[in-house]
Amino acid sequence: SSIVQGQPLAVLTTVHDTSSASPSEVMRITCSVLMAGALAGSAEEQKNRPVTKVINLLKDMVKQLEKEAEEDEEVYNKVACWCQTNDKDKTKSIADAEGRIDRLVNKIEEETASSSRLNTEIKNLEVEVEKNQASLDKATANRKKELAEFNEDEKDTLQSISALKSAVTVLSKHNGGAALLDMQASLRSTMRTHHDKIGDMLSPHEYKTVTGFLQSPEDYFDAEPTFKQSYAPQSGEIFGILKNMLSTFEADLSQAQKEEMQSQTAFESLKAAKEDEIKQGQDHLEEKQEELANTDESLAQAKEDLEDTRSSLSADQSFLANLKEKCQLTDQEYEQRTKTRQEEISAVSEALSFLTSDEAHDLFSRTFNFAQLRERSTETERRESAAKVLETVGHKVASAELVNMATTVRRDAFVKVKKAIDDMIAKLLQDKEDEIKQKDFCIEELNTNERETELKNRDKEETQTKIDTLSNEIEQLTNEIETLQAEIQSLQTNLKRAGEDREQENKDFQETVADQRATVKLLEKTLDVLKGFYNKKHKGASLAQEDPAGPPPPPGFKSYKKNSGSGGVMGMIQQIIADAKTEEAEAIQAEKDAQAAYESFVKDTNDSITAKQDSITDKSDTKAKKEGELTDSKKDLENIMIELEELANENADLHKACDFTLKNFDVRQQARDEEVEGLREAKAALSGAQLTLLQRSG
């Protein structure tokens with residue numbers, strides 16, 4: 001409520017606080033107001049109708065209340081707009097986050113299953129590759145073993161064949177002496193090496209014959225039987241046996257060599273198949289490993305995104321819940337304030353209607369006259385003295401409560417007034433202590449908010465710098481990748497054109513060579529025809545001259561001679577043939593040079609393309625990593641901005657709650673101390689003590 005300098009407002013405050021009072025109570029309060037005004041006013045104020053001032057004061061109160069209602073409506077509209085906007089935005093953000101979470105959860109489940117599947121497939125491929133490699137290693141080892149055995153058997157067989165051939169030669173020539181001894185040693189070695197084979201090859205009789213031959217080969221060459229033989233030796237039998245053995249060994253060797261070749265061919269076929277299977281398995285394994293790496297990386301990124309999205313969702317949900325609560329409380333508070341203020345305006349308006357009525361005018365006149373004619377007793381003087389102290393201090397410190405207390409002092413009993421003064425002093429001291437605590441709290445919270453805001457602004461600047469740097473680097477990498485791709489495209493185009501040009505050049509070369517060779521062939525054939533004719537010696541026809549039996553015949557042919565130009569024509573043809581062959585040789589050399597240059601160009605171009613593709617891969621990997629870092633930095637910046645907004649809101653709330661206290665702390669503390677001192681002196685005045693304040697002011 002408004003305060004008019006010099007006017008006691010105890011009753012007005014009562015009207016303000018009891019807005020729902022009945023008409024009789026409003027009349028009583030109004031009368032009290034007028035009585036207080038009459039008692040406190042000077043003779044001049046009474047002459048100037050204090051009732052009018054009270055009416056004006058009440059009208060000012062109505063205007064003030066209407067102004068406060070407009071201010072409340074403005075504040076409410078701003079809060080309502082804030083509530084509506086943020087409710088809509090946060091609701092959408094929450095819905096988007098929940099949808100993103102669902103998608104991320106599904107993606108994580110799918111990629112987790114894919115990762116598990118790929119791990120299983122990789123293990124199976126590794127086992128398959130290992131099995132194929134083991135099978136190949138085993139086959140290789142077996143092949144080496146079989147080859148070693150074959151070589152050993154072949155060596156032994158060749159030695160045996162050589163021995164058998166020597167034996168057959170010796171037997172066929174009926175040689176003895178040293179040759180016989182060498183043959184005996186060789187055959188014995190063969191019998192030992194191939195004992196089982198020879199045993200299966202020969203009948204018992206044949207085996208016995210050969211054994212006997214090896215023991216005494218010289219007996220088979222004697223004319224007469226030795227003491228060991230009861231019959232003449234039959235070298236022909238042993239000769240046949242050894243020759244059959246030789247044929248068998250040679251046939252077995254040939255068969256073994258064929259089988260060895262078949263085994264080698266089968267092994268090479270198996271090796272090629274296994275190596276192809278191993279290569280395919282390894283290629284497939286590398287593809288699966290690369291796919292697994294990409295899947296695991298995507299899975300990790302999805303999990304990180306899910307965690308960030310859930311954190312953001314939780315923050316948005318918390319913010320929205322607080323927003324709804326705050327907005328609901330604001331609605332309730334605004335409704336209550338509007339209702340209370342309307343009731344207050346109604347009460348004040350009703351009081352004004354009473355004050356402006358004729359009945360009230362007559363009542364006020366009688367009350368004022370009674371107050372002016374009444375003689376004051378000692379008690380009244382003491383009341384007036386204490387009231388003046390309270391009014392003086394109240395106006396000095398602009399305290400409506402002290403002014404109201406002055407009215408109470410004039411109206412109520414001493415005991416009640418003293419208790420009221422003691423209660424007010426206690427309340428003022430408690431308010432002072434609470435205000436000190438509030439000041440300390442505000443200073444500490446504002447300092448903390450300022451420090452945190454400064455740190456967050458620093459984080460914001462660093463993060464923004466990082467984002468700008470990453471954006472520039474990504475843009476540079478993108479441009480470099482596009483440049484490399486354009487260069488690769490250009491190289492591939494040039495390579496394609498060079499291939500087409502080479503193909504056309506080769507086609508032209510083939511046609512040129514074919515034309516030259518056809519020309520040479522045709523010219524050589526032409527030259528042969530000419531040579532066949534011009535190189536022959538042509539003889540003229542010679543006929544016996546007989547005397548004519550009648551008139552002589554007309555003159556015959558002239559003597560046939562070579563065309564004088566034939567030599568030049570054949571020389572030109574030979575020169576053309578030589579030129580054509582030279583041109584063909586030059587064309588062949590030019591074709592070789594062009595082919596070599598093309599192959600070199602293709603190799604250099606492919607090497608350049610490979611290098612650029614490798615560079616694109618490296619730059620793409622770097623770009624992907626930096627894009628990931630950029631995304632994270634943008635999320636960090638977004639979180640920092642949210643935290644800065646929260647700090648700014650907190651700062652605004654702190655200033656709203658603390659600015660008045662901090663700005664007016666010293667003034668309010670001094671005013672409160674003066675209020676306490678005034679209350680104490682008023683109490684002393686009521687007890688008959690000397691009024692030092694009035695003495696100081698007087």
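These numbers come from a predicted model, not from an experiment. (Residues numbered from 1 in each chain as written. Predicted model: local features only at pLDDT ≥ 70, side-chain atom pairs only at ≥ 80, totals over all residues. Heavy atoms only, no water.)

1. Regarding the overall build of the chain
Right, so step 1: From N to C terminus, the chain includes 15 helices and 0 strands.
Right, so step 2: Taken over 698 residues, the chain has a buried fraction of 30%.
Right, so step 3: A fraction of 85% describes how many contacts in the chain between residues 6 or more apart in sequence connect residues 24 or more apart.
Right, so step 4: Of the roughly 44,500 Å² that the chain leaves accessible, carbon and sulfur atoms contribute 51%. (Helix = DSSP H or I, 4+ residues; strand = E, 2+ residues; numbered from the N terminus. Buried < 20%, exposed > 50% of the residue type's maximum accessible area, 1.4 Å probe, protein only. Contact = heavy atoms within 4.5 Å. Areas by Shrake-Rupley, 256 points an atom, 1.4 Å probe, with all protein chains shown as cover.)

2. What to know about the environment of glutamate 126
Right, so step 1: Looking at the element boundaries, glutamate 126 is found in helix 4 (residues 50-173).
Right, so step 2: Residue classification places glutamate 126 among the partly exposed positions, given a relative accessible area of 33%.
Right, so step 3: Note: C-alpha distance between glutamate 126 and isoleucine 278 (152 residues apart in sequence) is 9.9 Å.

3. As for the side chain of glutamate 111
Right, so step 1: Take glutamate 111: it is sitting in helix 4.
Right, so step 2: Dropping the residues within four chain positions of it, glutamate 111 is found in contact with Thr295, Ser298 and Leu299.

4. Thoughts on the state of the cysteines
Right, so step 1: The tally for this structure, following the rule as stated, stands at 2 disulfides.
Right, so step 2: Residue cysteine 83 pairs covalently with cysteine 327 via a disulfide, S to S 1.8 Å. Taking the torsion about the S-S bond as the criterion, the cysteine 83 to cysteine 327 disulfide, at about -100 degrees, is left-handed. Linking cysteine 83 in helix 4 with cysteine 327 in helix 8 (residues 235-355), this pair joins segments that are 244 residues apart in sequence. (Disulfide = S-S within 2.5 Å.)

5. Considering the pattern of salt bridges
Right, so step 1: By the definition in use, this model includes 30 salt bridges.
Right, so step 2: The salt bridge partner of aspartate 283 is lysine 279, with a shortest N-O separation of 3.0 Å. Of this pair, aspartate 283 and lysine 279 are both found in helix 8, 4 residues apart, which corresponds to roughly one turn of the helix.
Right, so step 3: Take aspartate 283: its relative accessible area is 31%, and that puts it in the partly exposed class. (Salt bridge = Lys/Arg side-chain N within 4 Å of Asp/Glu carboxyl O.)

6. A short note on a negative patch on the surface
Right, so step 1: Together, Glu66, Glu70, Glu71 and Glu73 give the surface a local cluster of negative charge.
Right, so step 2: Mapped onto the secondary structure, glutamate 70 falls in helix 4.
Right, so step 3: Overall, glutamate 70 belongs to the exposed group, its relative accessible area being 55%. (Patch = residues over 30% accessible without salt bridge, like charges linked within 9 Å, V, L, I, M, F, W, Y side chains within 5 Å. Lys, Arg positive; Asp, Glu negative; His and termini not counted. Charge placed at Lys NZ, Arg CZ, Asp CG, Glu CD.)

7. Looking at the confidence of the model for the chain
Right, so step 1: With 69% of its residues at a pLDDT of at least 70, the chain reaches an overall mean of 75.
Right, so step 2: Looking over the chain, one finds the lowest element-wise mean pLDDT in helix 1 (residues 10-17), namely 36, and the highest in helix 13 (residues 566-663), namely 87.
Right, so step 3: Low pLDDT (under 50) marks residues 366-377, which in the prediction has 12 contacts with non-local residues, meaning those over four places away or in another chain.
Right, so step 4: Considering only residues more than four positions removed or in separate chains, one finds that residues 689-698, a stretch of pLDDT under 50, has 15 contacts. (pLDDT = per-residue confidence, 0-100.)

8. What about the nonpolar core?
Right, so step 1: Ranked by size, the top nonpolar core spans 17 residues in total, and within it Leu164, Val210, Leu242 and Met245 carry the most contacts.
Right, so step 2: Elements that contribute at least two residues to this core include exactly helix 4, helix 5 (178-193), helix 7 (204-215) and helix 8.
Right, so step 3: For this core, the element with the most residues is helix 8, which contributes 7 residues.
Right, so step 4: By size, the runner-up hydrophobic cluster in this structure holds 13 residues, among which are Ile94, Ile108, Leu299 and Cys327. (Core = buried A, V, L, I, M, F, W, Y, C linked by side-chain atoms within 4.5 Å.)

9. Considerations on the environment of arginine 668
Right, so step 1: Following the sequence through the fold, arginine 668 ends up in helix 14 (residues 665-686).
Right, so step 2: Relative accessible area serves as the criterion here: at 31%, arginine 668 is assigned to the partly exposed category.
Right, so step 3: Put simply, arginine 668 and lysine 432 are 236 residues apart on the chain and 8.6 Å apart in space, counted from C-alpha to C-alpha.
Right, so step 4: Once you skip the residues sitting within four places of it in the chain, arginine 668 turns out to touch Glu435 and Phe660.

10. Digging into the side chain of serine 160
Right, so step 1: As for its position among the elements, serine 160 is in helix 4.
Right, so step 2: Given the relative accessible area of 2%, serine 160 is considered buried.
Right, so step 3: Filtering out sequence-adjacent residues up to four positions away, serine 160 remains in contact with Thr190, His194 and Phe249.

11. Remarks on the packing of aromatic side chains
Right, so step 1: In this structure the tally under the stated criterion is 2 aromatic pairs.
Right, so step 2: Relative to tyrosine 334, the ring of tyrosine 76 lies with its centre 4.2 Å away and its plane at 10 degrees, an arrangement referred to as stacked. Residue tyrosine 76 is found in helix 4, and its partner tyrosine 334 is found in helix 8; the two are separated by 258 residues along the sequence.
Right, so step 3: The class of tyrosine 334 is partly exposed, set by a relative accessible area of 22%. (Phe/Tyr/Trp six-rings, centres within 6.5 Å; stacked < 30°, edge-to-face > 60°.)

12. Focus on the environment of glutamate 435
Right, so step 1: Within the secondary structure layout, glutamate 435 lies in helix 12 (residues 414-534).
Right, so step 2: With 227 residues separating them in the primary sequence, glutamate 435 and leucine 662 have C-alpha atoms 9.4 Å apart.
Right, so step 3: One polar contact links glutamate 435 to arginine 668, side chain to side chain, over a distance of 2.4 Å. (Polar contact = N/O pair within 3.5 Å; in protein donor to acceptor, adjacent residues only side chain to side chain.)

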